[in-house]
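# Reading the structure
One letter stands for each residue in the lines below.
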Amino acid sequence: MDKLTYTLATPVQFTASRRVEELHFRTELKIRDLKAFDRADGPLGATLYLLAALAGEPVELIEAIAAEEYPKLLEFLRPFCHPFLGTGAS
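My aim in this report is to walk through the structure given alongside it, one point at a time.

### Considerations on the nonpolar core
Generally speaking, nonpolar side chains in soluble globular proteins are found buried as a group. Within the largest apolar cluster, 19 residues are counted, with the highest numbers of intra-cluster contacts made by Leu 8, Leu 23, Phe 25, Ile 62, Ile 65 and Leu 73. Going through the elements one at a time, β1 (3–15), β2 (18–26), α3 (42–55), α4 (59–63) and α5 (69–81) are the ones with two or more residues in this core. When residues in this core are grouped by element, the largest group, 6 residues, is from α3. Sequence-distant contacts of Leu 8, defined by excluding residues within four places in its chain, comprise Val 20, Glu 21, Leu 23, Ile 65 and Glu 69.

Structure (structure tokens):
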């Protein structure tokens with residue numbers, strides 16, 4: 001299974017001992033990843049849970065990423081999970 005590496009423009013100091021500069025996303029979406037939507041409250045929450053599942057990271061880490069990274073992350077991942085990511089349209 002391939003992984004895509006996304007480099008954060010603004011690294012996240014997630015814990016005292018863990019600074020996150022890159023996220024490594026699986027490129028193969030599984031049905032169990034879609035269960036992330038069940039834990040979410042609304043489309044933004046669903047996308048955050050899906051990003052966390054694909055990266056193998058806690059949703060709290062994804063929530064700590066700078067807001068300006070969000071559209072870039074969606075564009076980065078769109079080629080392989082387009083039907084499941086939010087479009088930003090309302």
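### Some remarks on the pairing of β1
Examined bridge by bridge, β1 and β2 share 8 bridges and lie antiparallel to one another. Pairing of Gln 13 across the sheet is with Arg 19, part of β2. Between β1 and β2, which follow one another and run antiparallel, lie 2 residues.

Each value, and the rule that gives it
- Residues numbered from 1 in each chain as written.
- Predicted model: local features only at pLDDT ≥ 70, side-chain atom pairs only at ≥ 80, totals over all residues.
- Heavy atoms only, no water.
- Core = buried A, V, L, I, M, F, W, Y, C linked by side-chain atoms within 4.5 Å.
- Buried < 20%, exposed > 50% of the residue type's maximum accessible area, 1.4 Å probe, protein only.
- Helix = DSSP H or I, 4+ residues; strand = E, 2+ residues; numbered from the N terminus.
- Contact = heavy atoms within 4.5 Å.
- Pairing = 2+ DSSP bridges.

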